[in-house]
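Observations on the model geometry
The residues making up each chain are set out below.
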Amino acid sequence: MRMDNHRESDNLEDRRGSGMGGGGLRLGGGRLGIGTIAIALVASYFLGINPLTVLNMLSGGGMPAIEQSAPEARRPPADDETARFVSQVLASTEDTWNEAFRANGQRYQEPKLVLFSGMTPTACGTGQSAMGPFYCPGDQKVYIDLVFFRELKERFKAPGEFAQAYVIAHEVGHHVQNLLGIAEKVHTTQQRVGKAEANALSVRMELQADCLAGVWGKRTDTMKQVLEPGDLEAALTAASAIGDDRLQQQAQGRIVPESFTHGSSAQRMRWFKRGFESGDMNQCNTFKAAQL
Ligand SMILES: [Zn+2]
């Protein structure tokens, strides 16, 4: 896959190495040491005033303003090839979907992509590396621990950059489903139908995300000629090899381990191809398809 000088996305958050809750407490725009916080607590105890007010005085800020203790978002180091690649792929999904939405008279809201290692807090509960890449509709972010790419290569025998890019594009596909209201509709329906039918809907969601990944592949290649010989096969290998990212149950407010099927390898390949051959998201209506 050729991405040489393609632009990088502004929507990448690098949380690797920050660990759980690595954000600490931020007040008035400044970061406070634990000593300062301790002083504030003691002072407020004796003076009988809100510790936040004391903290704010100490940090010289204006009105007390607490930011949520989310881990610090950083840009990846410039020499980090993989992170740069992820950022470029993310940018190419932005180009694809900005244009596709505009053509439909809609506005695309770009998702964030979070690189993390081990664990990270998300609006869908604690994200863990073992879940594989996933999308959280609650905060509209795609979460990836890059060790997954190594797994993709070694355990799933799906090497190659385009296979990695496909995984990102599939997750962004879930974001597109979220923006279009498809995800919510499916989740609502799943609440009131039996297990088998709920699973069948999950399969259609997953295959649609594969098809949308195919649409991205086609449009990106048309715009920028990124594909090299063997790339398409690599993506199809990935499509057939990986079980799904773990779709989180938004209604339950947490990520549940994989518990349903995601379509056969043949189905996943077929829908990716369908998106790829047409480059048209209207070809991705898996919910209306008589045959998957
Ligand atoms: Zn998925």
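Below you will find a few notes about this structure. (Residues numbered from 1 in each chain as written. Predicted model: local features only at pLDDT ≥ 70, side-chain atom pairs only at ≥ 80, totals over all residues. Heavy atoms only, no water.)

**Notes on the overall build of the protein chain**
The secondary structure content of the protein chain amounts to nine helices and eight strands. Residue burial in the protein chain is summarised as follows: out of 292 residues, 47% are buried. Relative to all contacts within the protein chain whose residues are 6 or more apart in sequence, the contacts with residues 24 or more apart total 75%. Surface exposure of the protein chain reaches about 13900 Å², of which carbon and sulfur atoms provide 52%. (Helix = DSSP H or I, 4+ residues; strand = E, 2+ residues; numbered from the N terminus. Buried < 20%, exposed > 50% of the residue type's maximum accessible area, 1.4 Å probe, protein only. Contact = heavy atoms within 4.5 Å. Areas by Shrake-Rupley, 256 points an atom, 1.4 Å probe, with all protein chains shown as cover.)

**Looking at the side chain of Asp231**
Tracing the sequence through the fold places Asp231 in helix H8 (residues 231–241). Arg2 provides the closest opposite charge to the buried, salt-bridge-free Asp231, at an N-O distance of 7.2 Å. Side-chain polar atoms of Asp231 contact the backbone nitrogen of Met1, separated by 3.1 Å. Dropping the residues within four chain positions of it, Asp231 is found in contact with Met1, Phe162 and Val226. (Lys, Arg positive; Asp, Glu negative; His and termini not counted. Salt bridge = Lys/Arg side-chain N within 4 Å of Asp/Glu carboxyl O. Polar contact = N/O pair within 3.5 Å; in protein donor to acceptor, adjacent residues only side chain to side chain.)

**Some details on the nonpolar core**
With 52 residues, the main nonpolar core has Trp97 and Leu113 as its most contacted residues. Going through the elements one at a time, helix H3 (81–103), strand S4 (112–115), strand S8 (141–144), helix H4 (147–154), helix H5 (161–179), helix H7 (195–224), H8 and helix H9 (265–278) are the ones with two or more residues in this core. The dominant element in this core, judged by the number of residues it contributes, is H5, at nine residues. Leu113 has contacts with Asn11, Leu12, Glu13, Val86, Leu90, Val142, Ile144 and Ile168, leaving out every residue within four places of it along the chain. If you look at the next biggest cluster of nonpolar residues, it comprises seven residues, including Met131, Phe134, Cys136 and Tyr143. (Core = buried A, V, L, I, M, F, W, Y, C linked by side-chain atoms within 4.5 Å.)

**Considering the packing of H5 against H7**
Axis angle and axis distance: for two packed helices, these are the angle between their axes and the distance between the axes, and together they describe the pair. The interhelical angle for the contact between H5 and H7, taken along N-to-C directions, is 120°, at an axis separation of 7 Å. When the axis of H5 is compared with that of H7, the two are oblique. Between H5 and H7 lies a crossing of right-handed hand. For the pair formed by H5 and H7, the contact residues are Phe162, Ala165, Tyr166, Ala169, His170, Gly173, His174, Val176 and Gln177 on the first element and Met205, Glu206, Gln208, Ala209, Asp210, Leu212, Ala213, Trp216 and Gly217 on the second. (Axes fitted to C-alpha atoms, helices over the stretch in contact; angles between N-to-C directions. Parallel < 35°, antiparallel > 145°, perpendicular 65-115°, else oblique. Left-handed = near helix turned anticlockwise from the far one by under 90°.)

**Some thoughts on the environment of Gln140**
Structurally, Gln140 is set in the loop between strand S7 (134–136) and S8. Residues Gln140 and His174 lie 34 residues apart in sequence; the distance between their C-alpha atoms is 9.6 Å. Beyond its immediate chain neighbours, meaning those up to four positions away, Gln140 contacts Gln109, Pro111, Lys112, Tyr135, His175, Asn178 and Leu179.

**Describing the layout of surface pockets**
In this model, the largest pocket occupies a volume close to 340 Å³. What lines the largest pocket is a set of 16 residues, and nearest its centre among them are Ile182, Lys185, Gln208, Asn285 and Phe287. For the lining of the largest pocket, the element with the highest residue contribution is helix H6 (residues 182–192), accounting for four residues. A class-by-class count of the residues in the lining of the largest pocket yields nine nonpolar, five polar and two charged. (1 Å grid on protein atoms, 1.4 Å probe; cavity = no way out; pocket = protein on both sides within 12 Å on 5 of 7 lines; lining within 4 Å. Points joined across faces, edges and corners; volume = space filled by probe spheres on them. Nonpolar A, V, L, I, M, F, W, Y, C, P; charged D, E, K, R; others polar.)

**A short note on the packing of aromatic side chains**
Remark: the centre distance and the inter-plane angle together describe each pair of aromatic rings, the angle taken between the planes. Under the counting rule described, the total for this entry stands at six aromatic pairs. Judged by centre distance (5.3 Å) and plane angle (85°), the ring pair of Tyr166 and Phe272 falls under edge-to-face. Of this pair, Tyr166 sits in helix H5 while Phe272 sits in helix H9; the two residues are 106 residues apart in sequence, bridging distant segments of the chain. Its relative accessible area of 0% is what places Phe272 among the buried residues. (Phe/Tyr/Trp six-rings, centres within 6.5 Å; stacked < 30°, edge-to-face > 60°.)

**Focus: the state of the cysteines**
Within this structure, the stated rule accounts for two disulfides. Between Cys124 and Cys136 runs a disulfide, and the two sulfur atoms are separated by 2.0 Å. Residues Cys124 and Cys136 are joined through a disulfide that is right-handed, its torsion about the S-S bond being 90°. Taken as a pair, Cys124 in the loop between strand S5 (119–122) and strand S6 (125–128) and Cys136 in strand S7 lie far apart in primary sequence, 12 residues in all. Overall, Cys124 belongs to the buried group, its relative accessible area being 2%. Cys211 shares a disulfide with Cys284; S-S distance 2.1 Å. In this structure, the disulfide formed by Cys211 and Cys284 twists by about -75° around the S-S bond and is classed as left-handed. Residue Cys211 is located in helix H7, and its partner Cys284 is located in the segment after H9; the two are separated by 73 residues in the primary sequence. Exposure class is identical for Cys211 and Cys284. Each is buried. Disulfide connectivity for the protein chain, with bonded cysteines indexed by sequence position, reads 1-2, 3-4. (Disulfide = S-S within 2.5 Å.)

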